[in-house]
Amino acid sequence: MQLKPYDNVIPYLAERLNEHLNRNETVLWLIPGGSAIAIAVEVAKRIANNPNLSNLSVTLTDERYGNPGHADENWQQLNKAGFALDGAALYPVLHGDDGPTTARTYAEALTTLLDAADYSVGLFGIGADSHIAGIKPASDAVDTHELTSYYIGEDFERVTISFEVMKQLNEVLVAASGEQKFPTIRAVLHETYPLDERPAHILQTLSNVSLFTEYKES
């Protein structure tokens, strides 16, 4: 796992996306919600003029379930923040179906997108509770072998990718800012825990992970 300065995540991800698009490759980019939305918006601005943008597909790492356009929807917040990539194929998660159907449709789309991609990259955050994507500790998403999971959490109903998707990505980028996350980052770097207790420890098992953070090793 490579440790990199937090401020480098925007130029690094934009460079990687442009690099593969410039090769005329088919590219898949997964985006989280929360504080990483601002990162995604800035990256999108830096690749918006790429002539091969039609080769790019974009979807989410996870979504807060509900009717499309509800106030807490990650896709809605992404749009409100100014995310725009004219010419790229954009895949929201919510389509007005029930939760389990939404998860199945999401999984079917991901199967197609992953199979077609020459290069796939996921941008992730880490929660202070060690959740990653929408995979919360002790949730149903921790144990599934499907590509996606729908479950009712303590805060939201959630639809999320699973560890199985993360394992298939060519590159995983994690942006983690704020001192409240430092203990979690330190644990990911140096300690071993069961994934149902600390889902972010899946990063220890992946081969191509870059962690962008303000945390510095002492």
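Residues numbered from 1 in each chain as written. Predicted model: local features only at pLDDT ≥ 70, side-chain atom pairs only at ≥ 80, totals over all residues. Heavy atoms only, no water.

Novice: Quick question: what am I supposed to make of the sheet that holds strand E7 (residues 148–152) here?
Specialist: Sheet strands line up and pair through hydrogen bonds in the backbone, either parallel or antiparallel. If you trace the 3 strands from one edge of the open sheet to the other, you get E4-E8-E7, paired in antiparallel fashion. Since the sheet does not close on itself, it has two edges, and those belong to strand E4 (62–64) and E7, each with one partner. Across this sheet, the average inter-strand angle for adjacent strands is 15 degrees, counted without regard to direction. When E4 meets strand E8 (residues 157–161), the two strands line up antiparallel, connected through 3 bridges. Note that in E8 the partner of arginine 64 across the bridge is arginine 158. (Pairing = 2+ DSSP bridges. Helix = DSSP H or I, 4+ residues; strand = E, 2+ residues; numbered from the N terminus. Axes fitted to C-alpha atoms, helices over the stretch in contact; angles between N-to-C directions.)

Novice: Looking at this model, I keep getting lost on the pairing of strand E3 (residues 56–60). Mind explaining?
Specialist: Along any regular strand, the residues point their side chains to alternate faces of the sheet. The buried fraction of E3 is high, at 5 of 5 residues. Burial of the side chains of E3 extends over both faces: Leu56, Val58 and Leu60 are buried on one face and Ser57 and Thr59 on the other. Regarding topology, helix H2 (residues 36–47) serves as the crossover connection from strand E2 (residues 27–31) to the parallel E3, and that connection is right-handed. Relative to strand E5 (residues 89–91), E3 runs parallel, the two being bridged by 3 bridges. (Buried < 20%, exposed > 50% of the residue type's maximum accessible area, 1.4 Å probe, protein only. Right-handed = clockwise from strand over helix to strand, strands pointing away.)

Novice: Sorry, what's going on with the packing of helix H1 (residues 9–22) against H2 here?
Specialist: Geometrically, a packed helix pair is captured by the angle between its two axes and the distance between the axes. For the pair H1 and H2, the least separation of the axes is 9 Å and the interaxial angle reads 45 degrees. The orientation of H1 with respect to H2, classified from their angle, is oblique. Once H1 is placed against H2, the crossing between them reads as right-handed. Residues Val9, Ile10, Pro11, Leu13, Ala14, Leu17 and Asn18 of H1 form the contact with H2, whose own contacting residues are Ile39, Glu42, Val43, Arg46 and Ile47. When grouped by side-chain class, the residues that make up the contact of H1 with H2 number 9 nonpolar, 1 polar and 2 charged. (Parallel < 35°, antiparallel > 145°, perpendicular 65-115°, else oblique. Left-handed = near helix turned anticlockwise from the far one by under 90°. Contact = heavy atoms within 4.5 Å. Nonpolar A, V, L, I, M, F, W, Y, C, P; charged D, E, K, R; others polar.)

Novice: Even after reading the chapter, I still don't get the pattern of salt bridges, so can you show me in this structure?
Specialist: Any two side chains of opposite charge can pair, given that their charged atoms come close. The tally for this structure, following the rule as stated, stands at 10 salt bridges. For glutamate 154, the salt bridge goes to lysine 136, with nearest N and O atoms at 4.0 Å. Of this pair, glutamate 154 sits in the loop between E7 and E8 while lysine 136 sits in the loop between strand E6 (119–124) and E7, and the two are 18 residues apart along the sequence. On the basis of relative accessibility, which here comes to 10%, the residue lysine 136 falls in the buried class. Among the ionic pairs, lysine 167 bridges to glutamate 164, the shortest N-O distance being 3.4 Å. One end of the pair is lysine 167 and the other is glutamate 164, both in helix H5 (residues 163–168) and 3 residues apart, which spans about a single turn. Several salt bridges share partner residues, and in doing so they unite Arg16, Glu19, Arg23, Glu25 and Glu171 into one network. (Salt bridge = Lys/Arg side-chain N within 4 Å of Asp/Glu carboxyl O.)

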